[in-house]
Amino acid sequence: MTQAQATRHPRGASEPLLSVRDLRVTFQRQGDAAFKAVDGVSFDVRPGQTVGLVGESGCGKSVTSLAIMGLLPERGNTVEGKAVFDGEDLLTLSPSAMRDRRGAEIAMIFQDPLSSLNPVITIGRQVTEVMERHQGLSRKQATPKARDLLERVGIPDPKARLVNYPHQLSGGMRQRALIAMALACNPRLLIADEPTTALDVTIQAQILALLKELVVDTGTALVMITHDLGVVAGLCDEVNVLYGGKVVERGGRHGLFKRPRHPYTVGLLNSIPRLDAPLGEKLDPVPGSVADNLPWASACAFAPRCSQVVDACTSHTPEWEGDHVVGHRCFNPMGGTP
Amino acid sequence: MIRFVVRRLLQMCVVVLVLSMLVFAWLRSLPGGPVSAILGERQTPERRAALEAALGLDQPLPVQYLKFLERALQGNFGVSTKVLPGEDALQVFLDRLPATIELSFVAMVLAIALGIPLGYLAARRRGSVIDNGAVIFSLVGIAVPVFFTAFLLKYFFAVEWNLLPVSGRQSTGLDATRITGMFVLDGILTREWDAAWDAIKHLILPAVALATIPFAVIFRITRAAVLDVLDEDYVRTAEAKGLTTRVIRARHVLRNAMLPVVTTIGLQIGGLLAGAVLTETVFSFRGVGDALATAFRDKDYPVLQVLILAAAVIYVLVNLLVDIAYAVIDPRIRTR
């Protein structure tokens, strides 16, 4: 219990639990040019902290999480850099050592709860198998624990649900079941990859509330991957905004929302629909798409879509201004250069 | 589940009834006809008319059909004219059935026991030598006609290298006791090991020939299904749980991949009779397929009717079994 209490007040804790340094993931398919999905991403997650990775589709946020988990397909991918978890670089661990940690110390929640659950295995079995694997329990011993887990994530009548199959549960229940599986072995780090994207809005709010509650209760650190800044505002202590495989801005939740520096962050904030906006007011999306990106090697990838573009943006790579807590990557940030 | 099975059995009765009409009409529309078959082509019109009247062939087709149906429901399908002259047609089928069951069973076991593991292995090692080799081998299996495979096997293994018997189901002069009509099983049941071993040796080549196409199809479907399942999100979830490779393969991949494979196996069992006609003919293996070929050649209408209807019934029954197997594997179908 002392460890949980220690991690319950994590703000002062200094040693990062997970420290990602200069992570690079390159996809190389036969005959195609290499594609840098993740291009030098660094960030820290301290015990008990909730860190957001935010960006639109294709910015590399999911690939970052899969690389940390060692879940990228072996073929055609090169992963470089470091992901130090508890003193060990996860990227250099043997597959079997990584297997021992996955599900036990680092767990993951996926985006689409229906396709992420095995359709022909009962919910109960899918929860117990994690405990059988990592805690050496028999199926019989693990079953009551699975029931408790389902109850804890707010699934009504958990005993009956144990023998149900995924298709017999609603979308929200399925996501809760996935969360139960992730929590089964009390992981120290939880990675949630767009856990609410496939759900309708009321259920989204419930799931987020549940995650928030669980993070506080268990002291688990959480990496929240999302495209939705609304999710970030409600949940994250620290936010990393990704664009084109690089972190373009980082900051505490309050700072980032109050005084965003990178034009892309501003664009993301502006594209959130507001209930109190006058009826008929147009949304303000970020123009263009990731297909317009310039190569980072000789420019700012975001330049073609940027409202603040200056000459340097198309001829030089913007360097990181800041540290591992706050910073941005922009020649002409909002609010002027400090 | 029981309601499901009963409903499917009732549906099956309708299917068989409709099939019996089609088979009846089709056989009547074949050139020649029973009279020529029995009397030969050179007969006086008077004698032909007399036989037609005696057989009831002068009556309208629907009346003939109803009479046929009435007798058939009592198990009377008429008397064989050529395959085993004088013998009850249904009895001809029942006598030949054990041989074909034995042959088909061994062929299917071979096809499944090789097809599924190889298909799985090929999918896991996609693009490897094993994968490419097995894919080419299966392509050959599908492309080469069964009778040609059968002849090749017979030529090399039986004639050239003299390793296995050329034809038949058991060596003549072997005094074996018959119980089920499946010679290998009989040998085992009666502990006549020499008879069983002899029957096995006779079974190998026909079974391998008959197994080639089902093997190739099962292999390809398994390979494709496993490749599909490996890409599924739930396999990634299983990986994220840190489960061992063995558990992921057996519990998460194989079971889901088996769904299309089970359907394929069912269809292949249904299609075995077509292969059995060719294989049994090449190896003079006295089963249903051999009887069907003989009955066609010699226009033995009663036997043809029995055999075709029986094939249809078996096909429908196998389909029912496939549906049941499906429901066992996939809970989404069970609760529907």
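Residues numbered from 1 in each chain as written. Chains lettered and ligands numbered in written order. Predicted model: local features only at pLDDT ≥ 70, side-chain atom pairs only at ≥ 80, totals over all residues. Heavy atoms only, no water.

Chain B appears in an unreviewed UniProt entry as ABC transporter permease from Nocardioides hwasunensis. Its UniProt record, at the heading Sequence similarities (unreviewed entry), says of chain B: "Belongs to the binding-protein-dependent transport system permease family." In its Subcellular location (unreviewed entry) section, UniProt records this for chain B: "Cell membrane". (UniProt positions renumbered as here; feature names shortened; annotations may be inferred.)

Labelled according to an unreviewed UniProt entry, chain A appears under the name ABC transporter ATP-binding protein, originating from Nocardioides hwasunensis. In UniProt, chain A has this text filed under Subcellular location (unreviewed entry): "Cell membrane".

**Side note on the overall build of chain B**
For chain B, the count of helices and strands is 14 helices and 0 strands. The secondary structure elements of chain B, listed N-terminal to C-terminal, are α-α-α-α-α-α-α-α-α-α-α-α-α-α. Its C-alpha atoms give chain B principal-axis dimensions of about 85 × 55 × 40 Å. Counting all 336 residues of chain B, 43% fall into the buried class. (Helix = DSSP H or I, 4+ residues; strand = E, 2+ residues; numbered from the N terminus. Buried < 20%, exposed > 50% of the residue type's maximum accessible area, 1.4 Å probe, protein only.)

**A short note on the packing of aromatic side chains**
Inspection of the entire model under this criterion finds 13 aromatic pairs over all chains. Note on Tyr-264 of chain A and Phe-302 of chain A: the rings are 5.1 Å apart at their centroids and 65 degrees apart in plane angle, and the pair reads as edge-to-face. Taken together, the residues span a long stretch of sequence, with Tyr-264 of chain A in helix α11 (residues 263–270) and Phe-302 of chain A in the loop between α11 and β11 (321–322) at a distance of 38 residues. Among the residues examined, Tyr-264 of chain A registers a relative accessible area of 0% and is labelled buried. An angle of 45 degrees between the planes, with centres 6.2 Å apart, marks the rings of Tyr-65 of chain B and Phe-68 of chain B as tilted. Taken together, the positions of Tyr-65 of chain B and Phe-68 of chain B, both in helix α4 (residues 61–73) and 3 residues apart, correspond to about one turn of that helix. Residue Tyr-65 of chain B is classed as buried on the basis of its relative accessible area, which comes to 10%. Taking the relative accessible area as the measure of exposure, Phe-68 of chain B reaches 9% and is therefore buried. Here a set of aromatic residues connected by ring pairs shows up, and it is made of Phe-24, Tyr-65, Phe-68 and Phe-77 of chain B. A cation over an aromatic ring shows up here: Arg-28 of chain B above the ring of Phe-24 of chain B, its NZ or CZ 4.1 Å from the ring centre. In this arrangement the basic side chain of Lys-154 of chain B is found over the ring face of Phe-283 of chain B, its NZ or CZ atom lying 6.0 Å from the centre. (Phe/Tyr/Trp six-rings, centres within 6.5 Å; stacked < 30°, edge-to-face > 60°. Lys NZ or Arg CZ within 6 Å of the ring centre and 35° of its normal.)

**Comments concerning the packing of helix α11 (residues 245–282) of chain B against helix α12 (residues 288–298) of chain B**
In helix packing, the relevant descriptors are the interaxial angle and the interaxial distance, both defined with respect to the helix axes. Residue and element names in this part refer to chain B. Interhelical geometry of α11 versus α12 gives an angle of 80 degrees and a closest axis separation of 7 Å. Looking at the two axes, α11 sits roughly perpendicular to α12. Together, Leu-273, Ala-276, Val-277, Glu-280 and Thr-281 of α11 and Val-288, Gly-289, Asp-290, Leu-292 and Ala-293 of α12 make up the contact between the two elements. By residue class, the composition of the contact of α11 with α12 is 6 nonpolar, 2 polar and 2 charged. (Axes fitted to C-alpha atoms, helices over the stretch in contact; angles between N-to-C directions. Parallel < 35°, antiparallel > 145°, perpendicular 65-115°, else oblique. Contact = heavy atoms within 4.5 Å. Nonpolar A, V, L, I, M, F, W, Y, C, P; charged D, E, K, R; others polar.)

**Concerning the sheet that holds strand β9 (residues 238–243) of chain A**
Residue and element names in this part refer to chain A. The 8 strands are arranged β6-β7-β8-β3-β9-β10-β12-β11 in an open sheet whose pairing can be described as mixed. Taken across any chain shown, the strands that pair with only one partner, and hence form the sheet edges, are β6 (106–109) and β11. Here strand β10 (residues 246–252) runs beside strand β12 (residues 327–328); their pairing, made up of 2 bridges, is antiparallel. Residue pairing in the sheet places Glu-249 in a bridge with His-328 of β12. Each of β6 and β7 (189–193) is contacted by helix α7 (residues 171–183), which is oriented at about 175 degrees to β6, the strand it contacts most. (Pairing = 2+ DSSP bridges.)

**Some thoughts on the nonpolar core**
Residues and elements named next belong to chain A. Judged by nonpolar contacts, the single largest core of 59 residues is most densely connected at Val-127, Met-131, Val-153, Ile-179, Leu-190 and Met-224. A per-element tally of this core places α7 first, with 8 residues. The residues touching Leu-190, leaving out its near neighbours within four places in the chain, are Ala-107, Ile-109, Ala-182, Leu-183, Leu-211, Thr-220, Ala-221, Leu-222 and Val-223. (Core = buried A, V, L, I, M, F, W, Y, C linked by side-chain atoms within 4.5 Å.)

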